[in-house]
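Geometric and topological summary
As a plain string of letters, each chain reads:
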Amino acid sequence: MHRNFKPSGNNRSRFAPHKRRGSGPKQSTVHYSRYINKAVTKEEDVPYEPTHTFDTFGLNPRTAATLRHLSFTKPSAIQDQSIPPALLGKDIIGLANTGTGKTAAFLLPTIEKLNANPVLSSVLILAPTRELAQQIDAEFRRFAAGQKLFSALIVGGANINRQIQQVKRGPHIIVGTPGRVKDLIDRRVLRLQAVNTFVLDEADRMCDMGFEKDIRTIEAELPKDRQTFCFSATMTPNIKAIVEQFMNAPETISVVKNQTNDHIEQDVVHTRDKAHKIEILTELLSQPEFEKVIVFGETKHGVQRLADNLSNNNLPAAAIHGNKSQSQRERALHSFKTNQVSILVATDVAARGIDVDGVSHVINFDPPQVYEDYVHRIGRTGRAGKPGKALTFVGQK
Ligand code: AMP
């Protein structure tokens with residue numbers, strides 16, 4: 001029993017090396033030692049000193065005022081370095097993780113361009129998940145507030161007829177997931193001959209999720225004379241191929257320092273079996289410092305069962321996974337964002353790109369399949385320079 005279990009970097013000795021003997025559906029390929037990393041203390045973090053301010057970028061006064069209103073005081077590294085060349089019309093490869101401010105890095109120059117020339121359906125933004133597409137759309141609406149610039153969100157799992165109506169109304173920008181965008185092209189609802197700005201956000205995730213073919217089909221519909229942004233956390237061979245084919249003399253801006261955030265304290269929790277995992281999880285989540293927690297599970301059913309189990313144990317939890325409808329996912333995410341529940345149980349795919357402030361802990365109830373998923377998972381905490389903790393359960397299923 002782990003009644004007084006308190007995870008910390010100092011009690012690592014109790015987490016002995018462990019051989020996996022479980023017969024679960026899939027084995028993680030990641031050695032547990034990669035889940036252990038003492039957080040670098042805040043004092044050692046050198047804050048990025050931007051060379052620009054939002055005023056010196058030369059953005060239109062309306063956008064500049066909106067940014068002030070949103071308390072965007074200093075550009076982040078990716079914004080500082082990519083907004084000036086983007087405003088000159090250059091193609092940009094941005095190597096950046098979520099939480100770095102990459103969305104504003106491509107949206108602000110896009111809004112400038114639309115202000116100068118508000119052509120309908122001239123901006124196409126592709127993102128791997130509905131949630132990320134939705135967040136981009138929401139950011140666009142915030143930045144372009146009061147500017148008579150309109151967007152349409154074209155994502156799978158939501159009512160297609162409503163989306164068709166939205167596209168027919170003539171938005172300036174279209175934000176979508178590749179599958180649904182391709183669907184609307186095939187139905188001849190979406191016409192892309194006016195596109196002069198094409199954005200691929202989290203291109204590596206889109207390729208991981210099998211969207212490469214759809215992306216290529218969509219790109220073939222676009223005018224060649226356009227500006228292209230490609231954001232990715234990693235530069236894999238298929239991203240390199242896409243970049244070479246889709247982009248024109250791109251400028252690369254990298255703000256990926258190392259693979260995991262230095263200020264996220266990472267540790268493992270040794271577990272015996274399923275019941276023990278649930279027991280430890282319940283104990284952890286009952287501790288007051290576990291204020292806002294994302295718990296990752298492997299399967300859709302497992303995630304739902306775990307959330308139900310926690311909720312039945314007086315630990316109200318929301319769940320997001322692929323078996324939920326778009327509106328159910330939105331409701332779950334909203335209840336977590338607004339602190340109606342302090343626990344969100346999620347699968348990797350459902351959680352990709354979600355942006356929630358103040359997540360104190362990420363718990364990997366099931367280990368990630370590949371290290372890259374681990375990096376994405378733990379990147380949900382420790383955002384905006386805040387400290388965060390990531391715990392990974394290792395042991396039998
Ligand atoms: P992103 O990496 O684009 O998902 O952004 C992460 C979060 O940081 C979002 O909630 C943004 O609204 C916010 N953000 C982005 N850039 C800035 C900035 N320069 N100042 C303050 N907040 C920002």
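This report concerns the structure included in the present document. Each chain has its residues counted from 1, following the order in which its sequence is written. Only residues with pLDDT of at least 70 are given local features in this predicted model, and only at 80 or more are side-chain atom pairs given and counted; all residues enter the totals for whole chains, interfaces and linings. As a rule here, side-chain values come from all non-hydrogen atoms in the structure, and water together with hydrogens is ignored.

**Digging into unusual backbone geometry**
Test applied: Strands are runs of DSSP state E lasting at least two residues, helices are runs of H or I lasting at least four, and both sets are numbered from the N terminus onward. The buried label goes to any residue with under 20% of its type's maximum accessible area, the exposed label to any with over 50%, and the partly exposed label to all in between, with areas taken from a 1.4 Å probe on protein chains only.
Within the chain, Ser71 stands out as a residue other than glycine whose phi angle is a positive 60°. As for its placement among the helices and strands, Ser71 is situated in the loop between α1 (61–69) and α2 (77–87). On the basis of relative accessibility, which here comes to 56%, the residue Ser71 falls in the exposed class. For Ala249, which is not glycine, the phi torsion reads 45° and is therefore positive. Judged by relative accessible area, Ala249 falls into the exposed class, the value being 62%.

**What to know about the sheet that holds strand β7 (residues 251–254)**
Our working definition: For two strands to be treated as a pair, DSSP must find no fewer than two bridges joining them. Only the stretch in contact is used when fitting a helix axis, every axis being a line fitted to C-alpha atoms; angles between N-to-C directions are given from 0 to 180 degrees.
In space, the 7 strands of this open sheet follow the order β3-β4-β2-β5-β6-β1-β7, with parallel pairing throughout. Looking along the sheet, the strands with just one partner apiece sit at the ends: β3 (151–154) and β7. Going from strand to strand, the sheet's axes swing by 15° on average, the running direction of each strand aside. Bridge count between strand β5 (residues 197–200) and strand β6 (residues 227–232): 4 bridges; the pairing is parallel. Across the sheet, residue Val199 finds its bridge partner in β6, namely Phe229.

**Details of the site of the ligand**
Condition: Only heavy atoms are used to decide nearness, and a residue is near a molecule or strand if one of them lies within 4 Å of it. Polar contacts here mean pairs of N or O atoms no more than 3.5 Å apart (in protein, one a potential hydrogen donor and the other a potential acceptor; neighbouring residues in sequence count only if both atoms are side-chain atoms). Methods summary: accessible areas were calculated by the Shrake-Rupley approach with a probe of 1.4 Å, and residue burial reflects only the protein chains presented. Three classes are used, and their members are as follows: Ala, Val, Leu, Ile, Met, Phe, Trp, Tyr, Cys and Pro are nonpolar, Asp, Glu, Lys and Arg are charged, and the others, Gly among them, are polar.
In the vicinity of the ligand, 15 residues are found, and the nearest of them are Lys74, Gln79, Gly99, Gly101 and Thr103. Interatomic distance of 2.7 Å between a backbone N/O atom of Gly101 and an oxygen atom of the ligand. For the ligand, an oxygen atom lies 3.0 Å from a polar atom in the side chain of Arg142. Here the ligand, which alone exposes 500 Å², has 78% of that area covered by the protein. Counting residues per element, the ones that place at least two in the shell around the ligand are α3 (102–116) and α4 (130–143). A class-by-class count of the residues in the shell around the ligand yields 3 nonpolar, 7 polar and 5 charged.

**Here's the deal with α3**
Just so we agree on the cut-off: By this rule, a helix spans an expected 1.5 Å times one less than how many residues it contains.
Over its 15 residues, α3 extends 22 Å from the first C-alpha to the last, a length consistent with the 21 Å expected when each residue adds 1.5 Å. Of all 15 residues making up α3, 12 are buried, and the element is well covered by its neighbours. Within the span of α3, buried status applies to Lys102, Thr103, Ala104, Ala105, Phe106, Leu107, Leu108, Pro109, Thr110, Ile111, Glu112 and Leu114.

**Here we look at the packing of aromatic side chains**
Applied cut-off: A pair of Phe, Tyr and Trp rings is counted when the ring centres sit within 6.5 Å of each other, with Trp represented by its six-membered ring. The angle between the planes then sorts it: under 30 degrees is stacked, over 60 is edge-to-face, the rest tilted.
Under the defined criterion, the tally for this structure stands at 7 aromatic pairs. Both rings, one in Phe54 and one in Phe72, keep their centres 6.1 Å apart while their planes meet at 50°; by these two values the pair is tilted. One end of the pair, Phe54, is in the segment before α1; the other, Phe72, is in the loop between α1 and α2, with 18 residues separating them in the sequence. For Phe54, a relative accessible area of 4% translates into the label buried. Assessed through its relative accessible area of 22%, Phe72 is described here as partly exposed. Each ring, one from Phe365 and one from Phe393, has its centre 5.7 Å from the other, and the planes form 50°; the classification is tilted.

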